[in-house]
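Here is what each chain is made of, one letter per residue.
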Amino acid sequence: MNTQPDMIRKCVWPVCLIGLFIPGTLSLGCDLLHIHLRRITWQNVKLLTNMSKSFPLECLRENKAFELPREVLAYSQPLLHRDIKGAFYEMSMLAFSIFTQSTFQSTGEEKHLGQIQTGLDQQLQYLEQCLKEEKGNEDKEEMEEDERRHPGARTPQPSNLELRRYFHRISSFLQDKQYSHCAWKIVQVEIRRCFYYFQRLIELLRRK
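Keep in mind it's a predicted model, so treat the numbers as computed, not measured.

A. Representation of the state of the cysteines in the model. With the rule as written, the count across this model stands at two disulfides. A disulfide bridge connects C30 with C130, and the sulfur atoms are separated by 2.2 Å. Where C30 bonds to C130 through sulfur, the torsion about that S-S bond is close to -100 degrees, and the disulfide is left-handed. Of the two residues, C30 is situated in the loop between helix 2 (13–18) and helix 3 (33–51) and C130 in helix 6 (residues 110–137); the sequence distance between them amounts to 100 residues. A sulfur-sulfur distance of 2.0 Å marks the disulfide that ties C59 to C182. Between C59 and C182, the S-S torsion sits near -75 degrees, and that sign places the bridge as left-handed. Taken together, the residues C59 in the loop between helix 3 and helix 4 (70–73) and C182 in helix 9 (residues 181–206) connect sequence positions 123 residues apart. C182 matches C59 in its accessibility class, with the two residues each being buried. Taken in N- to C-terminal order, the disulfide-linked cysteines of the protein chain are connected 1-3, 2-4.

Right under this line is the structure:
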């Protein structure tokens, strides 16, 4: 899935405007990034939990293992600061793409979907801001300190390629199932699981 964040955000511009009225979202410094990510990710986990409460039993036979990258599952591994932020950015962009597909519309879930889209858009903007700031400063001291604390930590870093493949499997599943009701229910549960594991990665970001 090769999706550009600017193009994605245009798809739900009215939803994105809602974020302008939420105080303090982008005014936080990048040193408080973990607070923002924890709030938004936990909110999205709760929203998806509410949407998945009425999971149809007949959909169980269609369940699929999407194979979330093992680097995300092994959240206790030493990871570099910028690697976590980069993985969060990639995940947010790809999840945003899934949830903004026009076929994913139902009256009962429209409000929750709008909130998830808004949260992911805010998350993308904040991460983009902090990643640009970090790149601009070249942050060599932090990288050297990370290497001293966690030598060889780059080996288990979350791979953006693996994340793209993971979300591509989700997107292909939806297409193969012709965006059926069961397919969307299964995807809701899977992306909630993905958000949950990324929520745990935030603790590593906080400790840096």
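Now that the structure has been shown, we can carry on.
B. Molecular detail of the pattern of salt bridges. Using the criterion set out here, one finds five salt bridges in the structure. A salt bridge links E90 to R164, with the shortest nitrogen-to-oxygen separation between them at 2.8 Å. Of this pair, E90 sits in helix 5 (residues 81–99) while R164 sits in helix 8 (residues 160–176); the two residues are 74 residues apart in sequence, bridging distant segments of the chain. Owing to a relative accessible area of 6%, E90 belongs among the buried residues under this scheme. A salt bridge links K132 to E128; the shortest N-O distance between them is 3.4 Å. Here K132 and its partner E128 are both found in helix 6, four residues apart, which amounts to about one turn of the helix. The exposed category is assigned to K132, whose relative accessible area is 57%. The exposure class of E128 is buried, given its relative accessible area of 19%.

C. Focus on the packing of aromatic side chains. Under the counting rule described, the total for this entry stands at five aromatic pairs. Summarising the aromatic geometry, the rings of Y196 and Y197 are spaced 5.5 Å apart at their centres and angled 75 degrees between planes, so their arrangement reads as edge-to-face. The partly exposed category is assigned to Y196, whose relative accessible area is 39%. We classify Y197 as buried; its relative accessible area is 18%.

D. How the structure looks around the confidence of the model for the protein chain. Here the protein chain shows a mean pLDDT of 75. Residues at 70 or above account for 65%. Confidence, expressed as mean pLDDT per element, reaches its minimum in the protein chain at helix 2 with 44 and its maximum at helix 3 with 91. For residues 7–26, every residue scores under 50 in pLDDT, and the model assigns this stretch 31 contacts once sequence neighbours within four places are set aside. Segment residues 153–158 is flagged for pLDDT under 50; beyond a separation of four residues in sequence, or across chains, it makes 18 contacts in the model.

E. Summary view of the nonpolar core. One finds F167, I191 and F195 to be the most contacted residues of the largest nonpolar core, which totals 46 residues. Secondary structure elements with two or more residues in this core: helix 3, helix 5, helix 6, helix 8 and helix 9. If you tally residues by element for this core, the top one is helix 9, at 13 residues.

F. Quick peek at helix 8. With 17 residues, helix 8 should cover 24 Å at 1.5 Å per step; its first-to-last C-alpha distance of 24 Å lies within 8% of that length. Two residues or fewer past helix 8, Q178 is found with a positive phi of approximately 55 degrees.

G. Quick peek at the environment of C59. Owing to a relative accessible area of 0%, C59 belongs among the buried residues under this scheme. Separated by 123 residues in the primary sequence, C59 and C182 have C-alpha atoms spaced 5.2 Å apart. Among residues more than four places away in sequence, those in contact with C59 are C182 and I186.

Reading the values: the criteria
- Residues numbered from 1 in each chain as written.
- Predicted model: local features only at pLDDT ≥ 70, side-chain atom pairs only at ≥ 80, totals over all residues.
- Heavy atoms only, no water.
- Disulfide = S-S within 2.5 Å.
- Helix = DSSP H or I, 4+ residues; strand = E, 2+ residues; numbered from the N terminus.
- Buried < 20%, exposed > 50% of the residue type's maximum accessible area, 1.4 Å probe, protein only.
- Salt bridge = Lys/Arg side-chain N within 4 Å of Asp/Glu carboxyl O.
- Phe/Tyr/Trp six-rings, centres within 6.5 Å; stacked < 30°, edge-to-face > 60°.
- pLDDT = per-residue confidence, 0-100.
- Contact = heavy atoms within 4.5 Å.
- Core = buried A, V, L, I, M, F, W, Y, C linked by side-chain atoms within 4.5 Å.
- Expected span 1.5 Å × (residues − 1).

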